[in-house]
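Residue strings, one per chain:
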Amino acid sequence: LSLTAAVTYWNRFSNDTSWDEVTIRVFDFDGTSADDYIGEMTLPLQQGCNTMITTHPLKRPGPLSYNKSFGSIRVQLSWNETPNSRIRGTWRLRILSAACLPAKDFPADFSTATSDPYCLVIAKSKAPLREFRQVTSVKLRDLNPVWDETLDIPVAANASFLMDSLKAEGLDVEHLSSSHSDFFEMNSSASQNAQRLIKWANALDKA
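For every chain, the first residue of the written sequence is number 1, and numbering continues from 1 onward in sequence order. Only residues with pLDDT of at least 70 are given local features in this predicted model, and only at 80 or more are side-chain atom pairs given and counted; all residues enter the totals for whole chains, interfaces and linings. Calculation of side-chain values draws on the structure's entire complement of heavy atoms; hydrogens and water are dropped beforehand.

Describing the overall build of the protein
Line of reasoning, step 1. Strands are runs of DSSP state E lasting at least two residues, helices are runs of H or I lasting at least four, and both sets are numbered from the N terminus onward. Helices and strands together make up the secondary structure of the protein, namely three helices and eight strands.
Line of reasoning, step 2. Partly exposed describes any residue whose relative accessible area lies between the buried limit of under 20% and the exposed limit of over 50%, with all areas from a 1.4 Å probe on protein chains only and scaled to the type maximum. Expressed as a percentage of its 207 residues, the buried residues of the protein come to 41%.
Line of reasoning, step 3. Contacts are residue-level and defined by heavy atoms, with any inter-residue pair within 4.5 Å sufficient. By sequence separation, contacts in the protein at least 24 residues apart represent 61% of the contacts at least 6 residues apart.
Line of reasoning, step 4. Shrake-Rupley sampling with a 1.4 Å probe provides the accessible areas, and residues are treated as covered by the protein chains on show and by no other component. Surface accessibility of the protein: about 11600 Å² in total, with carbon and sulfur atoms responsible for 53%.

So this is what it looks like as structure tokens:
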């Protein structure tokens, strides 16, 4: 659990350059089976972007989906500086609403077909390689949902906060960015790993 927390922190709060793009994928929530994919859109993250509200069509990769309609989504994107902070700034993504989403839940009466949509937000950067995900709430039985939820994508002022804290605890984290599983050596005893986990948790508290 501590390893997962540290890797999550590293992906989300250790990018001190920039994020390249953010993808918004819309799904229909299903409680007893895999969620149904509805569509997606991608926004480039570029400095100096304005704060206008824009509407984007939802698309699906692949030639079979060309010129098909999967609804649309309204968003607002802005860059916000945070001086004198461990976070240099944040991309603030406000997911407002979607319209004309396709129905994915079909009861006996097809006239009441609907969806329970939510958004999965994926921020990515290529150099350094980072990715982290966030989700919105689920809107029940709504093909024109209104979320009006704001998600932040932070850019760190200094990428070394986590690594410096872990190294100060005597942990070998040289391979964390390339292979998370390498942190725990296969021949380590359970007690050694337990001690490492305790140190990792303590380091996270200080990061």
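A word on the sheet that holds strand E6 (residues 117-125)
Backbone hydrogen bonds hold the strands of a sheet together, and the pairing may be parallel or antiparallel.
Line of reasoning, step 1. On the basis of which strands lie adjacent, the open sheet formed by four strands has the order E2-E1-E6-E7 and antiparallel pairing. Edge positions in the open sheet fall to strand E2 (36-44) and strand E7 (130-135), since each of these has one partner strand only. On average, each strand axis in the sheet is tilted by 20° relative to the strand beside it, whichever way the strands run.
Line of reasoning, step 2. We treat two strands as partners when DSSP finds at least two bridges between them. With eight bridges connecting them, strand E1 (residues 21-28) and E6 associate as antiparallel partners. Looking across to E6, one finds that Ile 24 is bridged to Val 121. Axes here mean lines fitted to C-alpha atoms, for a helix over just the part in contact, with angles spanning 0 to 180 degrees between N-to-C directions.

Describing unusual backbone geometry
Line of reasoning, step 1. Even without being glycine, Asn 84 reaches a positive phi, approximately 55°.
Line of reasoning, step 2. For Asn 84, the position within the fold is in the loop between strand E4 (72-81) and strand E5 (87-99).
Line of reasoning, step 3. Judged by its relative accessible area of 86%, Asn 84 falls in the exposed class.
Line of reasoning, step 4. If you check the backbone angles, Cys 100 has positive phi at about 55° while not being a glycine.
Line of reasoning, step 5. You can see Cys 100 is positioned in the loop between E5 and E6.

What about the pairing of E1?
Line of reasoning, step 1. Counting buried residues along E1, six of its eight residues qualify, which places the element largely inside the surrounding structure.
Line of reasoning, step 2. Pairing of E1 with E2 involves eight bridges; the strand directions are antiparallel. Residue pairing across strands places Phe 27 opposite Tyr 37, the latter belonging to E2.

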